[in-house]
Number of protein chains: 2
Amino acid sequence: MTKRAISFSDLKILVEAALVASGARADVAAIMAESVVRTEEAGVASHGLAYVPTYCEHVRIGKVDGQAVPRLERPKPALLVADAASGFAHPAIRLGFEALIPLAREMGVAALAIRNSYNAGVLGLHTEALAAAGLVGIGFTNAPASIAPAGGTKPVIGTNPFAFAVPDGKGGVLLSIDQSASVIAKSEVMKHAREGRPIPPGWALGPDGQPTTDANVGLSGSMAPSGGHKGVGIGLMVELLAAAASGATLGIDASPFSGPNGGPPRTGQFFLAIDAATSSGGLFGERAARLAEALTAQEGVRLPGARKEQARRRHRAAGTVEVDQGLYDKVAALAGAQA
Amino acid sequence: MTKRAISFSDLKILVEAALVASGARADVAAIMAESVVRTEEAGVASHGLAYVPTYCEHVRIGKVDGQAVPRLERPKPALLVADAASGFAHPAIRLGFEALIPLAREMGVAALAIRNSYNAGVLGLHTEALAAAGLVGIGFTNAPASIAPAGGTKPVIGTNPFAFAVPDGKGGVLLSIDQSASVIAKSEVMKHAREGRPIPPGWALGPDGQPTTDANVGLSGSMAPSGGHKGVGIGLMVELLAAAASGATLGIDASPFSGPNGGPPRTGQFFLAIDAATSSGGLFGERAARLAEALTAQEGVRLPGARKEQARRRHRAAGTVEVDQGLYDKVAALAGAQA
């Protein structure tokens, strides 16, 4: 596939134009475009520009309300609740974080529950924003059910990632964990199905609960949880926080994140921000740095999130990211612009 | 091994006497004995009476300060910090929870960091106490390093469990997740080593980072993380909360939980309590119950924690638990009582 280099600002303008042309309000389009730029900058191409045609389609058909105005409440002193109002997750997260960050500093810990939301993109980018503000950030997001419980055959939870990011004490991020409850992202199985290729053993199970290498059989069955029942345990915790504790839609009831059907998924997110400098009596920075050093002192070991950080440095130095030419043309067409 | 039935109250008296005879203050011994009873009641024999000889030895040699008085502070409105003062974890957790539960109800979310602590026993029993108080409870506890990072050979984190418990809306616990970051508990590998038996493939790695079935080689190497690098990710989150964010000792610096060497481990715990009824706008109970039903409706699937709950019912009906006669005799000897 042909690639083309594009500057951060041109990419942002392109995505904004495509979303506005699809029916999103200008400020919503700006937030989503900024997120796409940050995602491509971090090298996560699968969740960057590649998602924009779906975002535009979902706004056009009303699966996402591009005009939604998220609402924020504070029902208890350390607890924030945002209603994404069937719009994108990102504006609700942005609105919530503006309150969450000072609140966590003041209270020592604070939580943000988000309901009636949507796919949050790369979850770790959100928790990294908390870490960059000097807080330990933990995030959970749920998704349409695709993982069956150990011993069962019917999906009960989504690939349900959690993310965890730690400040470096200098306004940056020391390390960033972002992992799903499944062995592999569902999008990888969908890609293999589209390309008619078999999937490696261990990725998915058929509707009978048995392992399969047929991507389509896997898609009609369930995704294999990472670490067996322990992956299911993680995914259940994520579901109970991101969906149940936020009053959002459970994965078993949510419409798919891909394709035109089912109306707004109205899934949820849950974030926790912790003032670890205070909880540790001032020792957090030194302890976290010592742990990080025990990792990086070993040959072949990198800190979680190091690949994204490397990609950021490379792209910032170049001033551009590389995107697929065909994808660029598609988004440019959506924007009504010349490719 | 011969078993004997013992009533809850006789078991409590026995353990209290053994700990007091070893040098623990009466109130500390009472809290630890209560915890042993609750652990045996839940059927977790590995962490119940079986641990008492180690507890007694550690008090006798000063690896645990049996006279320690935990101190609790509230440095920020929603944040509690307990210093276990090189004593047992349980009295610090007890003291902390007395403040954490009303604080989480008031604030919507609250956190408790515990430093200079010790092995917390069955972590899930602590988070279940939060759930029984109507809160979503999350707990983290760190341990001496035994898991190497993906691609590395030197342990950087302990088997580091996390626990997550959810209220049932009726003063009880709907489900309770309690899982370590390793494929198997380290105590299982130690047991195989003592008995001179090989361990199954996938449990542990040698000092060279390669899989081994030799229990002793595994003990001199590292424990295999559950789900590979994703297990390491979970364990790192636990370490960064339970140790770094609490100002406790990292697993790489902590003395072992077993054996007489190294002085107090001074490891840590971190707990979060969330008023999910409020964060969900009153929907938490219904959503959690619906998710639980999607699990139990499948043949062969049980809720996490169901085995402990069954054991509780069985033991409460009988009014007794069954303990190993040899172990009973050992603890009775420590208590200076007649077996």
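Residues numbered from 1 in each chain as written. Chains lettered and ligands numbered in written order. Predicted model: local features only at pLDDT ≥ 70, side-chain atom pairs only at ≥ 80, totals over all residues. Heavy atoms only, no water.

*Asks:* Sorry if this is basic, but what is going on with the environment of B:S187 here?
*Replies:* If you trace the backbone, B:S187 turns up in helix α6 (residues 186–194). Sequence separation between B:S187 and B:A30 is 157 residues; the distance between their C-alpha atoms is 26 Å. (Helix = DSSP H or I, 4+ residues; strand = E, 2+ residues; numbered from the N terminus.)

*Asks:* When you look at the pattern of salt bridges in this model, what are you seeing that I'm missing?
*Replies:* Side chains carrying opposite charge are able to pair once their charged atoms draw close together. Counted according to the given criterion, the structure contains 26 salt bridges over all chains. For A:R312, the salt bridge identified is with A:E128, shortest N-O distance 2.5 Å. Of this pair, A:R312 sits in helix α11 (residues 306–318) while A:E128 sits in helix α5 (residues 123–132), and the two are 184 residues apart along the sequence. The salt bridge partner of B:E41 is B:R316, with a shortest N-O separation of 2.8 Å. Here B:E41, found in helix α2 (residues 26–41), pairs with B:R316, found in helix α11 (residues 306–318); they are 275 residues apart in sequence, far enough to count as distant. On the accessibility criterion, B:E41 (3% relative accessible area) is buried. According to the relative accessible area criterion, B:R316 is partly exposed, its value standing at 48%. Here the residues in one salt-bridge network are A:E34, A:R38, A:E41 and A:R316, joined through shared partners. (Salt bridge = Lys/Arg side-chain N within 4 Å of Asp/Glu carboxyl O. Buried < 20%, exposed > 50% of the residue type's maximum accessible area, 1.4 Å probe, protein only.)

*Asks:* Explanation requested: the sheet that holds strand β9 (residues 211–212) of chain B in the structure shown.
*Replies:* Across a sheet, paired strands are connected by hydrogen bonds in the backbone, their directions being either parallel or antiparallel. Residues and elements named next belong to chain B. The antiparallel open sheet is built from three strands, whose spatial order is β9-β8-β10. The open sheet has two edge strands with one neighbour each: β9 and β10 (222–223). Bridging between strand β8 (residues 204–205) and β9 involves two bridges; their strand directions are antiparallel. Looking at the pairing, L205 lines up with P211 of β9. (Pairing = 2+ DSSP bridges.)

*Asks:* How should the environment of B:E106 be read in this particular structure?
*Replies:* In this fold, B:E106 is placed in helix α4 (residues 89–107). For B:E106, a relative accessible area of 46% gives the class partly exposed. When the C-alpha atoms of B:E106 and B:V217 are compared, they prove to be 51 Å apart, with 111 residues separating the residues in sequence. Those residues in contact with B:E106 that sit more than four places away from it in its chain are A:K76 and A:P77. (Contact = heavy atoms within 4.5 Å.)

*Asks:* When you look at the nonpolar core in this model, what are you seeing that I'm missing?
*Replies:* Nonpolar side chains in soluble globular proteins tend to end up buried together. Residues A:F140, A:F164, A:L241, B:F140, B:F164 and B:L241 are the most contacted members of the largest nonpolar core, which totals 145 residues. In this structure A:F140 touches A:L123, A:P161, A:F162, A:M237, A:V238, A:L241, A:A242, A:G268, A:Q269, A:F270 and A:L272, once residues within four positions along its chain are discounted. (Core = buried A, V, L, I, M, F, W, Y, C linked by side-chain atoms within 4.5 Å.)

*Asks:* In this structure, what is going on with the interface of chain B and chain A? I would like to understand it.
*Replies:* You'll often see interface size given as the accessible area lost when the parts meet. The interface of chain B with chain A comprises 76 residues on the first partner and 76 residues on the second. When the area that chain B buries against chain A is broken down by residue, the three leading residues are B:K230, B:L240 and B:L291, summing to 12%. Between the two partners, chain B and chain A, sit four salt bridges. Linking A:D253 and B:R290 is a salt bridge whose minimum nitrogen-to-oxygen distance equals 2.4 Å. At the junction of chain B and chain A, the tally comes to 28 residue pairs in polar contact (both at pLDDT 80 or more). For the side of chain B that touches chain A, the element with the highest residue contribution is helix α8 (residues 229–244) of chain B, accounting for ten residues. Considering only residue class, the side of chain B that touches chain A consists of 44 nonpolar, 20 polar and twelve charged. (Buried area = accessible area lost by both parts, 1.4 Å probe. Polar contact = N/O pair within 3.5 Å; in protein donor to acceptor, adjacent residues only side chain to side chain. Nonpolar A, V, L, I, M, F, W, Y, C, P; charged D, E, K, R; others polar.)

*Asks:* I would appreciate a short explanation of unusual backbone geometry in the present structure.
*Replies:* The phi dihedral of A:N116 falls on the positive side, at around 50°, and the residue is not glycine. Assignment of secondary structure puts A:N116 in strand β4 (residues 109–117). Even without a glycine there, the phi angle at B:A85 is positive, about 55°. Mapping B:A85 onto the fold places it in the loop between β3 (79–83) and α4. Residue B:A85 is classed as partly exposed on the basis of its relative accessible area of 23%.

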